[in-house]
Number of protein chains: 2
Amino acid sequence: MYQLNETHDPALRSWVAGANRPDGDFPIQNLPFASLRPMGSNQAFRGAVAIGDHALDLAAALAAGVFDAELEPVVRAAAQPKLNGFMALGPEAWSALRLALSRLLREGTPQQAALAPCLLPLSEVEYQLAHNIGDYTDFYTSVHHATAVGRLFRPDNPLLPNYKWVPIGYHGRASSVDVSGQTFHRPCGQLKAPDAAEPSFGPCKRLDYELELGIIIGKGNPLGQPIAIEQAEQHVFGVCVFNDWSARDIQAWEYQPLGPFLSKSFASTVSPWIVTLEALVPFRAGFVRDASDPQPLPYLDSDHNRQAGALDIQLECLLQTGAMAERGESATRLSTSSFRHSYWTVAQMVTHHTVNGCNLQPGDLFGSGTQSGPKPEEAGSLLELSAGGKQAITLANGEQRTFLEDGDTVVMRAHCQREGVVRIGFGEVVSTVLPAKA
Amino acid sequence: MYQLNETHDPALRSWVAGANRPDGDFPIQNLPFASLRPMGSNQAFRGAVAIGDHALDLAAALAAGVFDAELEPVVRAAAQPKLNGFMALGPEAWSALRLALSRLLREGTPQQAALAPCLLPLSEVEYQLAHNIGDYTDFYTSVHHATAVGRLFRPDNPLLPNYKWVPIGYHGRASSVDVSGQTFHRPCGQLKAPDAAEPSFGPCKRLDYELELGIIIGKGNPLGQPIAIEQAEQHVFGVCVFNDWSARDIQAWEYQPLGPFLSKSFASTVSPWIVTLEALVPFRAGFVRDASDPQPLPYLDSDHNRQAGALDIQLECLLQTGAMAERGESATRLSTSSFRHSYWTVAQMVTHHTVNGCNLQPGDLFGSGTQSGPKPEEAGSLLELSAGGKQAITLANGEQRTFLEDGDTVVMRAHCQREGVVRIGFGEVVSTVLPAKA
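Within each chain, residues carry numbers counting from 1 in the order of the written sequence. Key to labels: chains lettered from A, ligands numbered from 1, both in the order written. The predicted origin of the model limits local features to residues at a pLDDT of at least 70 and limits the giving and counting of side-chain atom pairs to 80 or more, whereas totals for whole chains, interfaces and linings rest on all residues. Side-chain metrics in this entry use all non-hydrogen atoms of the structure; hydrogen atoms and water are not considered.

Looking at an unreviewed UniProt entry, one finds chain A named fumarylacetoacetase, with Ferrimonas marina as its source organism. UniProt positions are given in the numbering used here, feature names are shortened, and annotations may be inferred rather than shown by experiment. UniProt, in the comment section headed Pathway (unreviewed entry), describes chain A in these words: "Amino-acid degradation; L-phenylalanine degradation; acetoacetate and fumarate from L-phenylalanine: step 6/6."

## Some thoughts on the UniProt feature "binding site: substrate" (unreviewed entry) in chain A
Residue and element names in this part refer to chain A. Residues annotated by UniProt as "binding site: substrate" (unreviewed entry) correspond here to Tyr140, Arg154, Gln251, Tyr255 and Thr370. Every helix listed is a DSSP run of H or I at least four residues long, and every strand listed is a run of E at least two residues long, numbered separately from the N terminus. Tracing the backbone through its elements, the reader meets Arg154 in the loop between α6 (143-153) and β7 (169-172). For Thr370, the location among the structural elements is in the loop between β22 (365-367) and α11 (382-385). Here Glu210 takes part through its side chain, which lies 3.3 Å from a polar atom of the side chain of Thr370. Any N or O atom pair separated by 3.5 Å or less is treated as a polar contact, with the protein-specific requirement of one donor-capable and one acceptor-capable atom, and with residues adjacent in sequence counted only for side-chain atom pairs.

## Considering the domain arrangement of chain A
Residues and elements named next belong to chain A. Domain boundaries in chain A define domain 1 (6-128) and domain 2 (136-434). Where each domain begins and ends follows an automated or database-derived domain assignment. Relative to domain 2, the C-alpha centre of domain 1 lies at a distance of 28 Å. We call two residues in contact when some of their heavy atoms are within 4.5 Å. Facing 32 residues of domain 1, the contacting portion of domain 2 comprises 26 residues. By definition here, a salt bridge exists when the distance from a side-chain nitrogen of Lys or Arg to a carboxyl oxygen of Asp or Glu is within 4 Å. Linking domain 1 with domain 2 are 1 salt bridge.

## Overview of the pairing of strand β6 (residues 136-139) of chain B
Each regular strand carries side chains that alternate between the two faces of the sheet. Residue and element names in this part refer to chain B. Burial here depends on accessible area, computed with a 1.4 Å probe over protein chains only, as a share of the maximum for the residue type. Under 20% is buried, over 50% is exposed, and the range in between is partly exposed. Burial of β6 is two-sided: the residues Tyr136 and Asp138 facing one way and the residues Thr137 and Phe139 facing the other way are all buried. Bridge count for β6 against strand β7 (residues 169-172) is 4 bridges, and the pairing is antiparallel. Bridge pairing in β7 places Asp138 opposite Tyr170. Here β6 runs beside strand β22 (residues 365-367); their pairing, made up of 3 bridges, is parallel. Across the sheet, Tyr136 pairs through a bridge with Leu365, a residue of β22. Whether two strands pair comes down to DSSP finding at least two bridges between them.

## Some thoughts on unusual backbone geometry
Residues and elements named next belong to chain A. In this model, Gln256 is joined to Pro257 through a cis peptide bond whose omega is 5°. Examined against the element boundaries, Pro257 turns out to sit in the loop between α7 (248-254) and β16 (268-270). Of note, Ala387 is a non-glycine position whose phi angle comes to about 50°, a positive value. Relative to the helices and strands, Ala387 is located in the loop between α11 and β23 (393-394). Accessibility expressed as a relative area gives 22% for Ala387, which makes it partly exposed.

## A closer look at the relation of the copies chain A and chain B
Overlaying chain A with chain B gives an RMSD of 0.0 Å, the required rotation being 180° about an axis along which the chain moves by 0.0 Å. What the superposition gives is, in effect, a two-fold axis relating one chain to the other. Residue Gly259(A), judged by its C-alpha, is the member of chain A lying nearest the rotation axis, at 2.1 Å. Looking at chain A, 100% of its interface residues are interface residues in chain B too, so the copies touch through the same face. The copies were overlaid with a least-squares fit restricted to C-alpha atoms from residues scoring a pLDDT of at least 70 in each copy.

## A short note on empty space enclosed by the protein
Residue and element names in this part refer to chain B. Here a cavity denotes a set of grid points, spaced 1 Å apart and computed over the protein atoms alone, in which a 1.4 Å probe fits but from which it cannot get out, and a pocket denotes an open set meeting protein on both sides within 12 Å along at least five of seven lines; residues with an atom within 4 Å of a point are reported as lining. Grid points are joined across faces, edges and corners, and a volume is the space filled by probe spheres set on the points. Applying the stated rule across the entire model yields 10 cavities of 30 Å³ or more. Here the largest cavity is characterised by a volume of approximately 80 Å³. Around the largest cavity, the lining residues are Tyr2, Leu31, Phe33, Trp94, Ser95, Arg98, Leu101, Phe237, Thr276, Leu277 and Glu278. When residues in the lining of the largest cavity are grouped by element, the largest group, 4 residues, is from helix α4 (residues 91-105). Partitioned by chemical class, the residues of the lining of the largest cavity number 7 nonpolar, 2 polar and 2 charged. Both domains that meet at the lining of the largest cavity, namely domain 1 (6-128) and domain 2 (136-434), each give it at least three residues. All amino acids are sorted into three groups, where Ala, Val, Leu, Ile, Met, Phe, Trp, Tyr, Cys and Pro are nonpolar, Asp, Glu, Lys and Arg are charged, and the leftover types, Gly among them, are polar.

## Focus: the side chain of His171(B)
With respect to the helices, strands and loops of the structure, His171(B) is situated in strand β7. Here His171(B) is in contact with His171(A), Gly172(A), Arg173(A), Pro260(A), Phe261(A), Ser265(A) and Tyr136(B), once residues within four sequence places are set aside.

## Here we look at helix α6 (residues 143-153) of chain B
Every α-helix winds through 3.6 residues per turn, so residues three or four apart in the chain are directed the same way. For α6(B), the full list of buried residues reads Val143(B), His145(B), Ala146(B), Thr147(B), Val149(B) and Gly150(B). Lining the buried residues of α6(B) we find α11 (382-385) of chain B.

## Section: the sheet that holds strand β9 (residues 183-185) of chain B
All names here are of chain B. Here we have 5 strands laid out as an open sheet, ordered β9-β26-β25-β20-β21, and mixed in their pairing. The sheet terminates laterally at β9 and β21 (332-338), the two strands that pair on one side only. Going across the sheet, the axis of each strand differs from the next one's by a mean of 20°, ignoring polarity. With 7 bridges joining them, strand β20 (residues 314-320) and strand β25 (residues 409-416) adopt antiparallel strand pairing. Residue pairing in the sheet places Leu319 in a bridge with Val410 of β25. Whenever a helix is involved, its axis is fitted only over the stretch in contact; in every case the axis is a line through C-alpha atoms, and angles between N-to-C directions fall within 0 to 180 degrees.

## What to know about the state of the cysteines
Disulfides are defined in this document as cysteine sulfur pairs within 2.5 Å. Applying the stated rule across the entire model yields 0 disulfides over all chains. There is no disulfide at Cys416(A), and the cysteine sulfur nearest it, in Cys240(A), is 13 Å away. In this structure Cys317(B) is a free cysteine whose sulfur lies 15 Å from that of Cys240(B), the closest cysteine sulfur available. A relative accessible area of 0% places Cys317(B) in the buried class.

## With respect to the sheet that holds strand β26 (residues 424-434) of chain A
All names here are of chain A. On the basis of which strands lie adjacent, the open sheet formed by 5 strands has the order β9-β26-β25-β20-β21 and mixed pairing. Sheet topology places β9 (183-185) and β21 (332-338) at the edges, where each strand pairs with a single neighbour. Adjacent strand axes in the sheet meet at a mean angle of 20° when their direction is disregarded. Looking at chain direction, strand β20 (residues 314-320) and β21 are connected through 6 bridges and run antiparallel. By the bridge assignment, Leu315 is partnered in β21 with Ser337.

## Structural notes on the pattern of salt bridges
In total, this model carries 52 salt bridges over all chains according to the counting rule given. Residue Arg423(A) is joined to Asp25(A) by a salt bridge in which the shortest nitrogen-to-oxygen separation is 2.9 Å. On the criterion of sequence distance, the pair formed by Arg423(A) in the loop between β25 (409-416) and β26 and Asp25(A) in the segment before β1 (33-38) is long-range, its members being 398 residues apart. Overall, Arg423(A) belongs to the buried group, its relative accessible area being 15%. Between Asp57(B) and Arg46(B) there is a salt bridge whose closest N-O contact spans 2.5 Å. Linking Asp57(B) in strand β3 (residues 54-57) with Arg46(B) in strand β2 (residues 46-51), this pair joins segments that are 11 residues apart in sequence.

## Focus: the interface of chain A and chain B
Many analyses report the size of an interface as the accessible area lost when the parts associate. Counting residues at the interface gives 56 residues for chain A and 56 residues for chain B. Reported buried area values correspond to the accessible surface (1.4 Å probe) lost by two parts on association, with both partners' losses combined. Of all residues in chain A, His171(A), Leu258(A) and Phe261(A) bury the most surface against chain B, accounting for 16% of the area lost on that side. At the junction of chain A with chain B, the criterion picks out 4 salt bridges. In this structure, the salt-bridge partner of Arg173(A) is Asp135(B), at a minimum N-O distance of 3.4 Å. At the boundary of chain A and chain B, one finds 30 residue pairs in polar contact (both at pLDDT 80 or more). Residue assignment for the side of chain A that touches chain B shows that the elements contributing at least two residues are β6 (136-139), β7, β10 (188-191), β11 (200-203), α7 and α10 (346-354) of chain A. The biggest single contributor to the side of chain A that touches chain B is β7(A), with 4 residues. Among the residues making up the side of chain A that touches chain B, the classes are represented as 29 nonpolar, 21 polar and 6 charged.

Here it is as structure tokens:
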């Protein structure tokens, strides 16, 4: 339903500084949304769109009178501190605003003088979570991750029988999701070594990140009314980068029989910028099942999903240890992966989630699940990279890690790139581990 | 921290009709909260307190000018359509309003004439969910339920090793929780018989209820700041009756390895009236562990919890089949149970939930988990009563059930009763199963 249109034209150039760099995250073909304000100010947060090295303050742009009258209610919704109202408007409204912004930000627009004062340098803003998250659901869409983790627990039978049929997911904790910059104390909880007679209480010793995408729901559905796969993408507002922190030792002891709980609810961190599905149209890919795998059940299958259901988004995870930070060294790369490897598409997640009648609401968050690629070095968690903590990995500066240490900063990035198309980026999600509270 | 005080005095009598019946749910010692409006009206919902056969409309009572000036902000918060703001005020405010209402509703108050017009007959009101639920967590606190369900899957080892150490819980779906009167279509989903080679898609065949209490959080805690067990009850606003519907066949196929998902997110129904923890003070009981069971780890242990951590709340589940409804027959009782049997207390649930730093927010909902008693006939689900669907139960009118059929109405009630104390009730939660959508 989202089509290539003039907003995707690779020839478009913007008058805003930094927007035309070939390696930039935020060219005029991207136009992602966030909620922000000038750094250190007490001003209200407001909706904004990234362009080059700047954010266009939508509240200021609205006040500048540059939008057509019929679009003003849409801009007003997008300029709010929380974007749930804008997300609820649906794809026609999102597309109309995208088109208007694309035209206003192009080289040669007569509105440049009016809009220039509405730009804030990205280096001088601070973010908040752009939407209230009613419910957060974490999926488990990487078959490579599921197999690698399963192998640690069940060497002979790593992948459970339901995996290739059911888009596995579980309800997560919404209250502890926050935006990039979130710091958190290493969580405490019950731990039990396999050979210990009883559990003990203390700080998590196997703290891990999970390299995920976040999927943000736009228009919801009423309770009792499933969303067919043909309509599923109309309910998706956009995508961000998502670090779903995990306490592996707490998880191992608590998770049977009802799933992860406190091992996941101490913090989860999203990137501030949400890239719309429309911006991702040039990076869609066919969704192909191996001949050896079962075809999706009919409710999870459609022509569009087969032809263009996948999204070719590259993911990257980096680590800056406390020692690196002290010496001013930048983060070192741990792994790269791609959402192209996902066993299920975004549309399949939406449709499966609602097939029982469950209602989604604007601003709901889906995690994609840890995105690990087919190669061991493409793993999206330390649990996998360190073979369950048995083989420490050596960083570029000689430090070693099995799991995260206090003071470690994890950086995750994503981008899309393809021949003949302008690269678009997601920015990054950055978060630092603080010591456990005494 | 909640103490016996003049509001609990068994000698108190109210001037409101029906409040002094010994078998009533809503004597003046109870004073539970709900959000309601005149039935069939388009008026705004508003906070109310149950008394006898009536609800005291708090918005009307506020307008009648019967409250002291310093209490008016509290009443205003309690009179809103959603009570989250009132819940956030904390126990001092809740207690102050309870005391004022107790005095205003006693026989002989000079305010009777001013308040009488603020009463609405309970038979003429309709309810909404009294609070926005940010997050819903379902616990699993009945060791009898955990053992009975575990026995169906693992006859030799019914209870998992973590059960007696960890207050097991999982994140639930908040969006599909609604108030008594909720109807829902039988959910569809993936089903797989144990002997089938592949799953198929269709309506759930093993639809079940779960007899639970709902626990509603009042004051929250900031992310990263656990709530010690000594303070835990100060964060609890009150308790209601809760039917956590379950699709057993969907659950069996989907739940490994991350827990229940679509088997639980199609509907969950709470009773409209929330009984405060303060009203429950006369029904507190000691929390005693069998000598053969491990003592709670220190973070889950306190003098108060040992001496008075348990709540002696009686639960009851009834079924009215479609055939009974057609013939005008009332619901027949399926089982009774008590929250006294819970393996974990409310305070232990709160403290465990936050020990990793997880933040609770006003209006968050905890399910207690299915409350089954030690005897087989005290089971809180059909899964247990029918031995996993193998032995149909026979109802009073001769009908049989293994799981729920279309048109079945499930009624759950709760009350507290003890020698020398006035009985208090929770009202009921009622909900009907509609056929699957074509």
